[in-house]
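# Geometric and topological summary
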Amino acid sequence: MADLASRISKPSDTPTNDAAATGADNGNGTEQPIDDGIQSGLIEPTYEVEVKLSDLQTDTDNPLSSGVSSFEELGLPKSILDGLLAMNFKKPSKIQERALPLMVSDPPRNMIAQSQSGTGKTAAFVLTVLSRVDFNKPTQPQALLLAPSRELARQIQGVIQQVGQFCENLIVNAAIPGSISRETGVKASIVVGTPGTVMDLIRRRQFDVSQLKVLVIDEADNMLDQQGLGDQCIRVKGMLPRTIQILLFSATFPDKVMSYARKFAPNANEIKLRHQELTVKGISQMYMDCPTEADKYDVLCKLYGLMTIGSSVIFVRTRESADEIQRRMEADGHKVSVLHGAYEGQNRDALLDDFRSGRSKVLITTNLLARGIDVSSVSMVINYDIPMKGAGNKEPDMETYLHRIGRTGRFGRVGVSITFVFDRKSFEAMKAIADHYELDLVQLRPDDWDATEEKVQQVIKSSRARPDYAPNVLGN
Ligand SMILES: Nc1ncnc2c1ncn2[C@@H]1O[C@H](COP(=O)(O)OP(=O)(O)OP(=O)(O)O)[C@@H](O)[C@H]1O
């Protein structure tokens, strides 16, 4: 095992390695109604862009940088520009700059777009959607956005409402379980939902899709995957107008899904990255060499103090182990929250809102929240169980790894990811992930706690002092 460890470890005093993230999950737990729109109680993210962001955005190799200096140059309507201004979005990121002109031009053309986690894909497709909607028909559905979980659908709904805050008559419905009343049906120009609920609404004739102009699929590789939500997305698409513009977005597009994506969105413009480019430089990726599986829990408790400096997410494989770790940690006096698909919808919303607002700082979850969730205060991600896939969970899940760790290091911030390994299988999975993305992982040892603490703290403290630190991290 030491042999394997030495092959993947390149200990470094300045842990500045990285990755972006991808995961697999669905949001089909039992869910309860939430209000639509602004009344949803969604905690609005604070869009403070720190001074040095402009420095990051002048570095041309950086995914946050672009060749244009303002959103005005992209020719967006004034009401939308005002929304961006209010959010303090000063400059488009690279994906926004490259994808937007292609997506908003006429005649509409499909798009398959890939960009690292936390680089602003949401705003790219939200701006396109808002530019296509006729606000004189506020209750006529014109755009449909699909996401894999209720949490991500609600988050996207929040971003549309933020960017579109100066668009008159903007109504956005969340089509997630329990949210649309049977009496009224969908009454909005923009609908964001999970595929199962959207399909039900269309079938029950509570959602008039005849005038839809744009279909966005976020986390598209996950959504089109035949093992997952693929069938539902295909069935939804089959019910929509044939001329609809299709926009597929994700940080990851494995080859086998890519060929399928091209059939789903024919003749699309494509923005693609090589897998070596997928990592986010601000995320310092580490692995913790635990002696046995049973030791993982003690290591986690030792890390607890560091985890509460910012906010952190602990990913585990099953709902049962999420509950079990929560129970044990609480019994040991630690304050943690847990969120997974077995929870009822309103509970899930409240739990995530608590985490967004910082009322709770440590969140234990499954792959349900591996993708898309944007909470800028997350400074640490722990892979308590390394993500695996395939029959018998034998293969490392490269995409989920990237999405999970991408819950930190959002839009130029720095963060740490720590993956727990303990036996040959988990070591080899970690090594395969490191080789695939060409990562230089930092090894942490539970028997040298001082060194561990120092390495992790170095990054977390840097994240709090980001204005001085981030340009170095991102600029190299
Ligand atoms: N041009 C911009 N200027 C400043 N902040 C931005 C800009 N574009 C996006 N952001 C912020 O960056 C953060 C990450 O954006 P977003 O959630 O869209 O990332 P993403 O690329 O969709 O990531 P993921 O792959 O994890 O879903 C958000 O908090 C968003 O508000």
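Only a predicted model underlies this, so the values are computations on that prediction, with no experimental measurement involved.

### Quick look at the packing of helix α9 (residues 230-238) against helix α10 (residues 255-264)
For the pair α9 and α10, interaxial distance at closest approach is 12 Å and the crossing angle is 15°. Considering the angle they form, α9 stands roughly parallel to α10. You can see that α9 and α10 cross each other, and the crossing is right-handed. Residues Cys233, Ile234 and Lys237 of α9 form the contact with α10, whose own contacting residues are Tyr260, Lys263 and Phe264. Of the residues that constitute the contact of α9 with α10, the class distribution is four nonpolar, no polar and two charged.

### Digging into the pattern of salt bridges
For the structure shown, the criterion picks out 19 salt bridges. For Glu293, the salt bridge identified is with Lys296, shortest N-O distance 3.7 Å. Of the residues examined, Glu293 reaches a relative accessible area of 44% and is grouped as partly exposed. The exposure class of Lys296 is buried, given its relative accessible area of 2%.

### A look at the environment of Val442
Within the secondary structure, Val442 sits in strand β16 (residues 442-444). In the structure, Val442 is positioned 155 residues away from Tyr287 in sequence and 6.3 Å away in space, judged by C-alpha atoms.

### Description of the nonpolar core
Counting residues in hydrophobic clusters, the biggest one holds 56 residues, and the most contacted among them are Leu130, Leu145, Ile160, Val163 and Ile190. Each of two domains, domain 1 (2-25 + 279-460) and domain 2 (36-275), supplies a minimum of three residues to this core. Once residues lying within four places of it in the same chain are set aside, the contact partners of Leu130 are Ile80, Phe135, Ile160, Val163, Gly164, Leu170 and Ile190. Counting 34 residues, the second-largest nonpolar core is a separate cluster that includes Met307, Ile364, Phe422 and Val442.

Parameters and conventions
- Residues numbered from 1 in each chain as written.
- Predicted model: local features only at pLDDT ≥ 70, side-chain atom pairs only at ≥ 80, totals over all residues.
- Heavy atoms only, no water.
- Axes fitted to C-alpha atoms, helices over the stretch in contact; angles between N-to-C directions.
- Helix = DSSP H or I, 4+ residues; strand = E, 2+ residues; numbered from the N terminus.
- Parallel < 35°, antiparallel > 145°, perpendicular 65-115°, else oblique.
- Left-handed = near helix turned anticlockwise from the far one by under 90°.
- Contact = heavy atoms within 4.5 Å.
- Nonpolar A, V, L, I, M, F, W, Y, C, P; charged D, E, K, R; others polar.
- Salt bridge = Lys/Arg side-chain N within 4 Å of Asp/Glu carboxyl O.
- Buried < 20%, exposed > 50% of the residue type's maximum accessible area, 1.4 Å probe, protein only.
- Core = buried A, V, L, I, M, F, W, Y, C linked by side-chain atoms within 4.5 Å.
- Domains from an automatic or database assignment.

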